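Structural overview for review
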Amino acid sequence: METRIMNRVKAALAGALAIGMALAGAFHAAHAAEWPTEKPIRLVVPYPAGGNSDVIGRVFARKLADALHQAVIVDNRPGAGGSIGAALVAKAQADGYTLLLGDIATHAINRLSMPNLPYDAQADFVPVSRLTSISLLLVANPKYGFKSAGEFIAYVKAHPGKLAYATGGNGTPSQLAMEMLRGAAGLDMLQIPYKGSAPALTNVVSGQVNAMIDGAATPLVKAGKLDLLAVTADRSPAFPDTPTLAESGVPGYRFVSWHGVFAPKGTPQAVVDRLAAELGRAAQDPEVRKQFQALGIGLDTQHGAAFASFITDQRESLEAVVKERGLKLAQ
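Notes on the structure in this doc start here.

The rules behind the values
Throughout, residues of each chain are indexed from 1 in the direction in which the sequence is written. Only residues with pLDDT of at least 70 get local features here, since the model is predicted, and only at 80 or more are side-chain atom pairs given and counted; chain-wide, interface and lining totals rely on the full set of residues. Hydrogens and water are ignored here; the side-chain numbers use all heavy atoms of the structure. Going along the chain from the N terminus, every DSSP run of H or I of four or more residues is numbered as a helix, and every run of E of two or more is numbered as a strand. Working rule for contacts: check all heavy atoms of both residues, and any pair within 4.5 Å makes them a contact. Methods summary: accessible areas were calculated by the Shrake-Rupley approach with a probe of 1.4 Å, and residue burial reflects only the protein chains presented. The axes are straight lines fitted to the C-alpha atoms, using for helices just the contacting stretch, and the angles between their N-to-C directions are given from 0 to 180°. Handedness of a helix crossing follows the sense of rotation of the near helix relative to the far helix, less than a right angle counterclockwise being left-handed and clockwise being right-handed. Three classes are used: nonpolar for Ala, Val, Leu, Ile, Met, Phe, Trp, Tyr, Cys and Pro, charged for Asp, Glu, Lys and Arg, and polar for all others, with Gly counted as polar. The nonpolar core is taken to be a set of buried Ala, Val, Leu, Ile, Met, Phe, Trp, Tyr and Cys residues, with the residues joined through side-chain atoms within 4.5 Å. Three exposure classes are used, based on accessible area relative to the maximum for each residue type with a 1.4 Å probe and protein chains only: buried under 20%, partly exposed in between, and exposed over 50%. Think of it like this: strands point away, you trace from the first strand over the helix to the second, and a clockwise trace means the crossover is right-handed. Any two strands with at least two DSSP bridges between them are considered paired.

Examining the overall build of the protein chain
- A tally of regular secondary structure across the protein chain gives eleven helices and twelve strands.
- Sequence-distant contacts, at least 24 apart, represent 77% of the contacts inside the protein chain between residues at least 6 apart.
- Carbon and sulfur atoms form 57% of the exposed surface of the protein chain, whose accessible area is close to 15,100 Å².

Pasting the structure below:
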C-alpha cells in the first residue's frame with residue numbers, strides 16, 4: 001500500500017514538474033516572440049547627422065533602448081531624398097532588428113519624383129508608428145516688413161512674376177507646400193531650387209531669394225533673421241501665436257510634414273505591437289515633449305491601420321497637387 005501511495009505521489013510530482021516546465025517554456029517562447037534580444041536593433045535614419053530627422057531618431061532610439069533593455073543604434077544613411085536608407089531597410093531581414101525612421105519624403109513624395117525608386121513604400125514596409133506632426137513655416141526676408149501672410153499674398157499678387165521662392169529642391173516638401181499655396185492663393189512666383197534646405201534658407205536670409213516654406217527655419221526666425229508669416233498646418237509649439245495659413249485667408253490650406261517608424265514587411269506582429277506601444281509611451285514623456293517643442297516639432301502618434309490610412313490620404317492629396325499644378329518633380 002505504502003509503495004502504491006509513494007508511486008502516486010511521485011507521478012503527481014512528475015506531472016506537476018512537467019506542467020511547470022511546459023508553462024515556463026511557453027512563457028519564454030512568448031517573450032522571445034514579443035521581442036528579439038540577441039543583438040542590437042538598428043534604426044536607419046536616411047538623412048545626415050545633425051538635422052531634425054537625426055535628432056528625432058536619436059531621442060526615440062534612446063527611449064526604446066531604455067524600455068527594451070537592449071542597444072538601439074542610429075545608423076545615418078543619407079542620400080537621394082531618403083531613398084537610399086529606405087531601400088536598405090526594405091531589403092533587410094524582417095526579424096525586428098532593422099527599422100527605418102521614414103517621413104513624408106520616403107513614403108509619400110519620392111514615388112512621385114523618382115520613377116526608378118528602389119523600393120515600394122506601401123508593399124515593402126509595415127507602418128509601426130507615426131511620431132511627429134510638423135507645420136512648416138512660411139518665412140520671408142525682413143527687408144519687406146511683412147507682418148502677416150495676408151500682406152505677403154497681397155504684395156505677390158501686386159507684383160506677378162517679380163518674386164522668387166526658395167526650395168530644398170524639386171520634389172521636396174518645401175516645393176510642394178509652396179505650390180499648394182500658389183494654387184490656393186493664385187500666386188505667380190518663380191521657384192529657385194537648391195540642394196537642401198540649408199543653402200536655400202541662407203539665400204532667403206541674404207535676400208537673394210524672397211521667401212520660402214520650410215521646416216528648418218525655426219532657429220533663423222528666433223534669431224530675427226527671417227520674418228515668420230504663417231504655418232502650414234496646426235499652430236507650431238515653438239510659435240503658438242503665429243496663425244495657420246487657413247486662418248490667414250487661405251481656406252482649406254493644410255500641409256503636414258511628419259516622421260514615423262517602419263519595419264520591413266513580414267516583421268512579426270508581436271514585435272511591431274511592442275514597438276508601437278513603447279514609441280507611444282516615449283512620445284508622452286514630458287522631457288521629450290519639451291525638447292521637441294523648442295524645435296517646433298509636434299508629437300502625434302498613430303499606429304497600425306490608422307497610420308497607414310494617414311499615409312494613403314496624403315499620397316492621394318500630393319498626387320492631386322502635382323497633377324493640378326503640372327509639376328515636373330523628377331530629380
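Comments concerning unusual backbone geometry
- The backbone phi angle of His69 is positive, close to 60°, even though this residue is not glycine.
- Within the secondary structure, His69 sits in the loop between helix H2 (52-68) and strand S2 (72-76).

Focus on the packing of helix H4 (residues 104-113) against helix H11 (residues 304-325)
- Taken N-terminus to C-terminus, the directions of H4 and H11 make an angle of 35°; their axes are 10 Å apart at the nearest point. H11 is crossed by H4, and the crossing has right-handed handedness. Contacts between H4 and H11 pair Ile104, His107, Ala108, Ile109, Arg111 and Leu112 from the former with Ile311, Gln314, Arg315, Leu318, Glu319 and Val322 from the latter.
- Taken together, the residues of the contact of H4 with H11 break down into seven nonpolar, two polar and three charged.

Section: the nonpolar core
- Counting 81 residues, the largest nonpolar core has Phe60, Leu138, Phe152, Leu181, Tyr253 and Phe255 as its most contacted members.
- The contact partners of Leu138, leaving out residues within four places of it in the chain, are Ala149, Phe152, Met178, Leu181, Met212, Ile213, Asp227, Leu228, Leu229, Ala230 and Leu245.
- Ala166, Leu201, Ala217 and Phe239 belong to the second largest nonpolar core, which has 17 residues in total.

Overview of the pairing of strand S6 (residues 164-167)
- Along S6, one buried face is formed by Ala164 and Ala166 and the opposite face, lined by Tyr165 and Thr167, is buried too.
- For the crossover that starts at S6, traverses helix H6 (residues 173-185) and ends in the parallel strand S7 (residues 190-193), the hand is right-handed.
- Bridge analysis of S6 against strand S8 (residues 211-214) gives two bridges, and the strand direction is parallel. The residue of S8 that forms the bridge with Tyr165 is Ala211.

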